[in-house]
Amino acid sequence: MDNKQPEKIEDKLFKLKYKTDTVCHLLPESSKCLQCIDKTCTIICPANVYNYNEAEKKLTVSYEKCLECGACRLICKNIKWSYPKSGKGVHFKKG
Amino acid sequence: MSGDFSENKVDVIVVGAGPAGVSAAITVARGGKKVVLVERGSFAGSKNMYGGVIYSHAAEEIFPNFQESAPIERFVGEHRYILMSEKDSTAISYKNFENKTNSFITIRANWDKWCVEEAVKEGVYYAPDTLVKELIVEKGKVIGIKTDIEDYFADIVILADGVNSLLAKQIGLREDIKPKNVALGVKEVIKLPQEVINQRFGLQSFDGLNHLGAAIELVGGPLEGMLALGFIYTNKDSVSVGIGVCLEDLKTKKIKPYELLEKLKKHPAISSLIEDGELLEYSAHLIPEGGYSCVPKLYTDGAMVVGDAAMLVNNVHFEGTNFAMLSGKFAGETALDALERNDFSSNTLCLYKKKLLNSFILKDLYTYKDVIKTLSSRTGSFLGYYPKKLNEFFSIFTCADGKPKQEKFRKFTLDFFRKRSLSELFKDAIAGIKIVFGILK
């Protein structure tokens, strides 16, 4: 398919309207991430918010891309999850 | 409560301006009581996503004349089921030519906004850009909400805060959903010219002006072996394509949801329907699919929980928006009753559960209580092996290649049993009987 239907998740998310919150609303307990083998958050997140950097041994959280679905909070008990502040975050124009 | 909070005190607060919340709020307002509808997004619908249709019976219950001004994309004129394998597909289509359509396709951001505008016209106080951080509880009774800015108080708080309902969890009405009881929905809205959609989907006009729409469910193919269904809905000048896939299955199979959707979009049965279209929006949302056994405690002193927050979804029939609207209405009616009696305890609010029990909502969820459980234990069969076999059958049935048919059908039948152990076939048969018997008994 051509670029009118982008395949990469980053390009899909680029179409969305966000009002980015100033603080991160997704707080994984980083010490537990080090021990976590599966790192399921990096797989199931529909917005590819979570990425694990092997070299730095660090989980990066691109909270500004979050679609606020809640999948990560159900799959991992070590993520302190809340909604972005009033009026912040993603705003679907179609839904 | 004392009069200290009189400025910030109303009869009812409804949290969440989706279909459940707006229905609850408008019901309370119609009863002449003061109600505030709070929404964390900047506009109603901004945080919402769904797999396609609103049911007319439910819309009419809340908005009797909705057809005159509601933002309807298309009335559903066809239900199509496409069973896919990797290389072929078989479709079943149902159309009713008397135009007795009972559902319509709408863009949620437009529909939810319209509903709230109607509610405001009927006296609902609407507060967007308002995130409820927690409920205020005093002596075991919910008495108000804490927002980013200030506290508000009410005799009753109705929780319509969606599938994640952190508020229902806060007051112990429910626990977090287990990944096996929830589906992750991901969807793309793809822009195409109206005439192209009408042509590609074979959609007819019912009044010479407006064309009907199609609601399509997709089984197998890239989704094979998972508790997952795909869907396509034709909007007016765009098409929604998506999947609902069990969160647990994504986890165990280590599949990224957007990659799965991408595979589905590339399947030849689908790609020809959406080619040359332009992506307008990608979205994701959870769908509560646990059914009857996962319905939480529905009320407590001073609070009731409605819609997705109460996990009221019948996933077999893609029904959720109608459950949401009617549960909202029932909660609104119960709130009016409680205000009349001046009793906001569970003693009065239990009426809400009675209304749900007496309606199709909890009756249907009860009827289907074992269906999903049974189906999910046999996904490899019902959402994999059999759709594949069905395609194989039709590939033989429709093939003329100068070879005798008997040989081919014999081989098909022998393979059918050879490639599936008797014990597996037996388990499938039992599961099939369980499903049918479970619904009819």
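Residues numbered from 1 in each chain as written. Chains lettered and ligands numbered in written order. Predicted model: local features only at pLDDT ≥ 70, side-chain atom pairs only at ≥ 80, totals over all residues.

**A closer look at the overall build of chain B**
- What chain B contains, in helices and strands, is 16 helices and 17 strands.
- Taken over the C-alpha trace, chain B has a radius of gyration of 24 Å; the compact-globule value for 441 residues is 22 Å, and the two agree within 12%.
- Reported as C-alpha extents along the three principal axes, the dimensions of chain B are approximately 90 × 50 × 40 Å.
- In chain B, of all internal contacts separated by at least 6 residues, the share reaching a separation of at least 24 is 73%. (Helix = DSSP H or I, 4+ residues; strand = E, 2+ residues; numbered from the N terminus. Rg over C-alpha atoms; globule rule 2.2 N^0.38 Å. Contact = placed C-beta atoms within 7 Å.)

**Things to note about the pairing of strand β11 (residues 182-191) of chain B**
Residue and element names in this part refer to chain B.
- The buried count for β11 comes to nine of ten residues, which makes it a mostly enclosed element.
- Of the pairings in the sheet, the one linking β11 to strand β14 (residues 238-246) comprises nine bridges and is antiparallel in character. Bridge pairing in β14 links K187 to G242. (Buried ≥ 20, exposed ≤ 12 C-beta atoms within 10 Å, placed from the backbone. Pairing = 2+ DSSP bridges.)

**With respect to the domain arrangement of chain B**
Residues and elements named next belong to chain B.
- Taken domain by domain, chain B consists of domain 1 (3-71 + 106-175 + 292-367), domain 2 (180-288) and domain 3 (371-440).
- The C-alpha-based centres of domain 2 and domain 3 are spaced at 25 Å.
- Looking at side-chain class alone, the side of domain 2 that touches domain 3 contains three nonpolar, two polar and one charged residues. (Domains from an automatic or database assignment. Nonpolar A, V, L, I, M, F, W, Y, C, P; charged D, E, K, R; others polar.)

**Considerations on the interface of chain B and chain A**
- On the side of chain A, 30 residues touch chain B, which itself brings 44 residues to the contact.
- Counting residues per element, the ones that place at least two in the side of chain B that touches chain A are α4 (108-121), β11, α7 (247-253), α8 (257-266) and β15 (278-288) of chain B.
- The biggest single contributor to the side of chain B that touches chain A is β15(B), with nine residues.
- Its residues assigned to classes, the side of chain B that touches chain A comprises 22 nonpolar, ten polar and twelve charged.

**Observations regarding helix α1 (residues 19-30) of chain B**
Residue and element names in this part refer to chain B.
- The end-to-end C-alpha separation of α1 is 16 Å, in line with the 16 Å expected for twelve residues at 1.5 Å each.
- Extensive coverage of α1 is indicated by the burial of eleven of its twelve residues.
- Tucked into the core, α1 has its buried residues touching β1 (9-15), β2 (35-38), α2 (56-62), α4, β10 (151-159) and α10 (321-341).
- Just past α1, the residue G32 takes up positive phi, approximately 85°. (Expected span 1.5 Å × (residues − 1).)

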